[in-house]
Amino acid sequence: MNAFVTPFLEIKELRHDYRQPDGSYAQALRLDHLLAARGEALAVTGPSGSGKTTLLHILAALIRPTCGEVLFDGHDLFAAGHSAARWRSLSVGYVFQEMNLLPDFSVLENLLLAAEISSVPKSDAGERADSLLHRLDLWDHRYSRPSELSLGEQQRTAVARAVIHSPAVVLADEPTASLDAENAGVVMDLLMGLCAESQTLLIAATHDEAMKKRFERVVNLRRPVPAAVGPELVSSREVI
Amino acid sequence: MRLGVKVRVSLRHLSSRPFQTISAVFVVALSSALAVMLFLLAQGLRDGLIRAVEPFDLIVGAKGSPYQIVLNTVLLQDVPVGNLKWSDYVSLREDPRVDISVPLAFGDNYRGCPVVGTAEDILRIRGGQPVQQWIDVAEGRWFDKEFEAVLGAQAALESGLLIGDTFRTSHGVVLGEEHDVSFEVVGVAARAFGPYDRAIFVSIESVWESHDHDDDDGEEEKDEGEVTAILVRPATYPDAYSLAVSFQHDTERQLVFPAQTAIRLFSLMGSGERFLSIIVYSVAACSLLTTLLVLYWSNRDRRRERALLYALGAPRGTLVTISWIEGTFTLAIGALIGELLGRAGVYAAFHLLGDATAIDLSAPMTIHEAVIPIIMLAAGSFGGFLIALSERTGDSASLKIR
Ligand SMILES: Nc1ncnc2c1ncn2[C@@H]1O[C@H](COP(=O)(O)OP(=O)(O)O)[C@@H](O)[C@H]1O
Ligand SMILES: [Mg+2]
């Protein structure tokens, strides 16, 4: 990576503490430094509770970190005046571990609704949805409700939805954890393939060794040491 | 997100929970219907009474409750309090302060239609909107001798009698012992749009005679009988008060201003109405609360879906709008169905009541009866907005809800 070019993503001294019901703070994430470029595929690993989901939530601007900086193209994600909703809708694609889809809407409607939220023009959205449905082998299921799909089909739909608006970054939170090995392989291939084609940065949380091997870079998170409760901790505020 | 898409998302949410949606709509519809019905019925009764009272400037009757006199004479309901002498009528007829006086004798019926013994002067009474001849002959002719009868428009329909038919009257307001004499139908009156549409008009002498016949001494000379009430049209407005003064200390007779009595009746009705209104408002409030509760729970149920839409980048305002449309749509449909149901119910009730009393209840529809549905819609819509707003949307923990 050329050090003189502004990196696409730069994370500095990132730290997040959740406020506990008893008023104390629990350390959830520590990440000193991270650089990533467009088109890269990055695995975030670590044991359960090491802050993988928290990191992805921060990158989607769903929560504001306790301290630290997240820079995309050199711009602070949490700078005043930066719209979190706009960031999510235009630049982020998100794949959750499961229950990704709106249950009352068909596969096609789930895709089109996501495109609508991301302000993709209607005709482009239709074309893009059709080609993704064909490519992810979901065409025959386009009018099915999520409850009528297998888990593999549901995750493939989630992958299609995450890329329908050609985002700059796709965040995938253990996208294959609820799938068998075969389906997990298919879903991960599709996800990585689609992101690579469109120069999209893929950041996928996983604690599966087999999955880890597919990625060129792996960021390992460690569970932070239990917090020393003290006044020096800045309060954790969630983004509204 | 375009508004059309928001609406479609809301409608999908509603249609995918048909039971919740239908019960919320049902609850709103029912309470709106109750409110509309109460309002229209009260209005209709009031209008009907006002119209019925109109031809009656003054009524002279036996001492007793003025309400009873109005009930007997104007609405042809209930049993008369007592009778006046024929001489009472004669002296009023001769009185220069009296323009028209009409004797009225009640107490007989034919199949539930009241027989009204009267005189030709009744044809000179005017009333109605627009003002016209109150009782008028539409078919045939007016009676000109004893035991001839003219049927009110509704009485003609109810009795099935035609001109030329004969019938026997019975004693009493509803049914009773049949009199010996029979009447011949000679005419049918035009619609008067009031209780007198159910009347059967005969000469007052024939009422007396049909009673005399029952006494079985047919030889008795034509006795001057009794009069139940006298409808009086004063010559001038001051004459009305002068007449009232003359009756003030009368121990056997009284003079009633039916319009005033009706107004007092309204205020009596009014307090009953207020009580009913409180019940209706409570029902409406309860159904509103129920609806808001349904909205609240369905909103909670959708916490995960809202979080998902939020994670996809839908701004909070969009999510609030979608919930708000859901609530408002439910209430609007409920209120609309309630309005229609209420009107239908009132038309049915008016039909039944109208037939029984011939009070004209075809009250024109006004904006007022829609007040409760509109209030419910507005309050519910606002409440739904608050609920939508209060939902924790930005909470990333909601994404973990299974
Ligand atoms: N909303 C929350 N409130 C409080 N604590 C939380 C919340 N979410 C996660 N945590 C805690 O933060 C730590 C990191 O959680 P998470 O980021 O979900 O880890 P991972 O995804 O690696 O399993 C865990 O100890 C977890 O209990
Ligand atoms: Mg996690």
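Anyway, here's the lowdown on the structure attached to this text. Note that the structure is a prediction, hence the values are computed from the model and not measured.

**Examining the overall build of chain A**
Of the regular secondary structure elements, chain A holds seven helices and nine strands. Scaling as 2.2 N^0.38, a compact globule of 240 residues should have a C-alpha radius of gyration of about 18 Å, and chain A matches this with 18 Å. A principal-axis box enclosing the C-alpha atoms of chain A has dimensions of 55 × 35 × 35 Å. Burial statistics for chain A: of 240 residues in total, 55% are counted as buried. Taking as baseline every contact in chain A between residues at least 6 positions apart, the subset at least 24 positions apart corresponds to 75%. Here chain A displays about 10,800 Å² of accessible surface, and carbon together with sulfur accounts for 50% of that area.

**So, the pattern of salt bridges**
Residue and element names in this part refer to chain A. This model, assessed by the stated rule, comprises 27 salt bridges over all chains. Note that Asp17 is salt-bridged to Arg30, the shortest N-O span being 3.5 Å. Placement of the pair is Asp17 in strand β1 (residues 9-19) and Arg30 in strand β2 (residues 25-36), with a sequence separation of 13 residues. Its relative accessible area of 0% is what places Asp17 among the buried residues. Take Arg30: its relative accessible area is 28%, and that puts it in the partly exposed class.

**What about the nonpolar core?**
Leu9(A), Leu59(A), Val70(A), Phe72(A), Leu171(A), Leu202(A) and Ile203(A) are the most contacted members of the largest nonpolar core, which totals 88 residues. Counting residues per element, this core draws most heavily on helix α6 (residues 181-197) of chain A, which supplies eight residues. Excluding residues within four positions of it along the chain, Phe72(A) makes contact with Phe8(A), Leu9(A), Leu59(A), Leu77(A), Trp87(A) and Val169(A). Among the nonpolar cores identified, the runner-up in size contains 37 residues, and Val60(B), Tyr89(B), Ala149(B) and Ile230(B) belong to it.

**A word on the interface of chain A and chain B**
Each side of the interface is counted separately: chain A has 28 residues, and chain B has 26 residues. Buried area between chain A and chain B, both sides added, is near 2,500 Å², and the carbon and sulfur share of it is 60%. Together, Asp104(A), Glu116(A) and Ile117(A) form the three largest contributors to the area buried by chain A at its contact with chain B, with a combined 23%. One can count three salt bridges joining chain A with chain B. With a closest N to O distance of 3.0 Å, Asp104(A) and Arg302(B) form a salt bridge. Inspection of the chain A/chain B interface yields eight residue pairs in polar contact (both at pLDDT 80 or more). Elements that contribute at least two residues to the side of chain A that touches chain B include exactly α1 (52-59), α2 (84-91) and α3 (107-117) of chain A.

**Things to note about the pairing of strand β10 (residues 178-189) of chain B**
Residues and elements named next belong to chain B. Direction of pairing for strand β7 (residues 137-140) relative to β10: antiparallel, over a ladder of three bridges. When the sheet's bridge partners are listed, Val137 is paired in β10 with Ala189. Taken together, the four bridges between strand β8 (residues 148-151) and β10 define a ladder with parallel strand orientation. The partner of Ala149 across the bridge, within β10, is Val185. As paired strands, strand β9 (residues 166-171) and β10 are joined by four bridges and run antiparallel to one another. Note on β10: the bridge partner recorded for Ser170 is Glu178.

About the cut-offs
- Each chain has its residues counted from 1, following the order in which its sequence is written.
- Each chain gets a letter, beginning with A, and each ligand a number, beginning with 1, in the order they are written.
- The predicted nature of this model means local features are confined to residues of pLDDT at least 70 and side-chain atom pairs, given and counted, to a pLDDT of 80 or more, with totals for whole chains, interfaces and linings taken over all residues.
- Hydrogens and water molecules were not included; the side-chain quantities draw on all heavy atoms of the structure.
- Segments assigned H or I by DSSP are reported as helices when at least four residues long, segments assigned E as strands when at least two residues long, and all are numbered from the N terminus.
- To get the radius of gyration, use the C-alpha atoms; to get the globule rule, take the number of residues to the power 0.38 and multiply by 2.2 Å.
- With a 1.4 Å probe rolled over the protein chains alone, any residue whose accessible area is under 20% of its type maximum counts as buried; one over 50% counts as exposed, and the rest are partly exposed.
- Contacts between residues were defined by any pair of non-hydrogen atoms, one from each residue, lying within 4.5 Å.
- Each accessible area is a Shrake-Rupley estimate made with a 1.4 Å probe; only the visible protein chains count as cover when residues are assessed.
- Whenever a carboxyl oxygen of Asp or Glu lies within 4 Å of a side-chain nitrogen of Lys or Arg, that contact is scored as a salt bridge.
- Residues grouped as a nonpolar core are buried Ala, Val, Leu, Ile, Met, Phe, Trp, Tyr and Cys residues, joined through side-chain atoms within 4.5 Å.
- By convention, the term buried area covers the 1.4 Å-probe accessible surface removed from two parts as they join, with the contributions of both added.
- Two N or O atoms count as a polar contact when they lie within 3.5 Å, although within protein this holds only if one can serve as hydrogen donor and the other as acceptor, and sequence-adjacent residues are included solely when both atoms are side-chain atoms.
- Two strands are said to pair when DSSP picks up at least two bridges between them.

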